[in-house]
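Residue-level listing of the chains:
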Amino acid sequence: QVQLVESGGGLVQAGGSLRLSCAASGLTFSTYTMGWFRQAPGKEREFVAGIAWSGRSTAYADSVKGRFTISRDNAKNTVYLQMNSLKPEDTAVYYCAADRRAGSVVPQSRYVYDFWGQGTQVTVSS
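Note on numbering: residues in each chain are counted from 1, in written sequence order. pLDDT decides what is reported in this predicted model: residues at 70 or higher carry local features, side-chain atom pairs at 80 or more are listed and counted, and totals for whole chains, interfaces and linings draw on all residues regardless. Side-chain measures were taken over the full set of non-hydrogen atoms in the model, leaving aside hydrogen atoms and water.

## Section: the sheet that holds strand β1 (residues 3-7)
Strand order in the open sheet made by the four strands is β1-β3-β8-β7, with antiparallel pairing throughout. A single partner strand is all that each edge strand has here, and the edge strands are β1 and β7 (68-73). Neighbour-to-neighbour, the strand axes of this sheet turn through a mean angle of 15 degrees, independent of strand direction. Pairing between two strands requires that DSSP report at least two bridges joining them. Under the scheme used here, helices are H or I runs from DSSP no shorter than 4 residues and strands are E runs no shorter than 2 residues, and both carry numbers assigned from the N terminus. Across five bridges, β1 lies against strand β3 (residues 18-25) in antiparallel orientation. Note on β3: the bridge partner recorded for Glu6 is Cys22. Axis definition: a line fitted to C-alpha atoms, over the contacting stretch in the case of helices. Angles run 0 to 180 degrees between N-to-C directions.

## Concerning the packing of aromatic side chains
When two rings of Phe, Tyr or Trp (its six-membered ring) have centres within 6.5 Å they constitute a pair, described as stacked for plane angles under 30 degrees, edge-to-face for angles over 60, and tilted for the intermediate range. All told, the structure shown has five aromatic pairs when counted by the stated rule. Aromatic pair Phe37 and Phe47: ring centres 5.6 Å apart, planes at 80 degrees, arrangement edge-to-face. Residue Phe37 is found in strand β4 (residues 33-39), and its partner Phe47 is found in strand β5 (residues 46-51); the two are separated by 10 residues along the sequence. As far as burial versus exposure is concerned, Phe37 and Phe47 are alike and both buried. An angle of 80 degrees between the planes, with centres 5.1 Å apart, marks the rings of Phe37 and Tyr113 as edge-to-face. Residue burial is assigned from relative accessible area. The probe radius is 1.4 Å, only protein chains are included, and a residue is buried under 20% of its type maximum, exposed over 50%, and partly exposed in between.

## Notes on unusual backbone geometry
Outside of glycine, negative phi angles account for most residues, and trans bonds account for most peptide bonds. Positive phi is not limited to glycine here, since Asn77 has a value of about 55 degrees. Position of Asn77 among the secondary structure elements: in the loop between β7 and β8 (78-83). Using a relative accessible area of 26% as the deciding quantity, one classes Asn77 as partly exposed. In this structure, Ser85 takes a positive phi of about 50 degrees despite not being glycine.

## Some remarks on the side chain of Ser21
Tracing the backbone through its elements, the reader meets Ser21 in strand β3. Excluding its chain neighbours within four sequence positions, the residues that come into contact with Ser21 are Val5, Glu6, Ser7, Trp36, Thr78, Val79 and Tyr80. In this analysis, two residues are considered to be in contact whenever any of their non-hydrogen atoms come within 4.5 Å of each other.

## What about the pattern of salt bridges?
Salt bridge, as applied in this entry: a Lys or Arg side-chain nitrogen positioned within 4 Å of an Asp or Glu carboxyl oxygen. Across all of its chains, the model carries seven salt bridges by this definition. Two residues, Arg38 and Glu46, come together in a salt bridge whose shortest N-O distance is 2.7 Å. For Arg38, a relative accessible area of 6% gives the class buried. Judged by relative accessible area, which is 36%, Glu46 ranks as partly exposed.

## Considering the pairing of β4
Taken across its seven residues, β4 has six buried, putting it largely inside the fold. As paired elements, β4 and strand β9 (residues 92-99) share seven bridges and run antiparallel to each other. Bridge pairing in β9 places Arg38 opposite Tyr94. Here five bridges tie β4 to β5, and the two strands are oriented antiparallel to one another. Of the residues in β5, the one forming a bridge with Met34 is Ile51. The turn joining β4 and β5, which pair antiparallel and follow one another in sequence, is formed by six residues; a positive phi near 75 degrees is taken by Gly42.

Here you go:
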């Protein structure tokens, strides 16, 4: 049974930082592309960042480029999202997702990903 468990969310002031973690189990983590998505109230779930199985390829939404960094530790079955210079518009529930295709291009469509975590709330106050 595949499980993705996010942690690290919370309340932070604008300009602050948070580091999200997603611990995976029940899958061969090192062969999966991993992604982070977010969903704000009343909005669609949107792509934030993704990383290929090897860690050599990453992708970011334009809105977070230069502020967020995705990384993974295949030995720990964990993917991270370092979020710096947070803005109120970053407020959302953040979800971790896994794509079983071990491609070199990171997909940005949520429909491609096979497994999802339950999400962790990030709230940025102004």
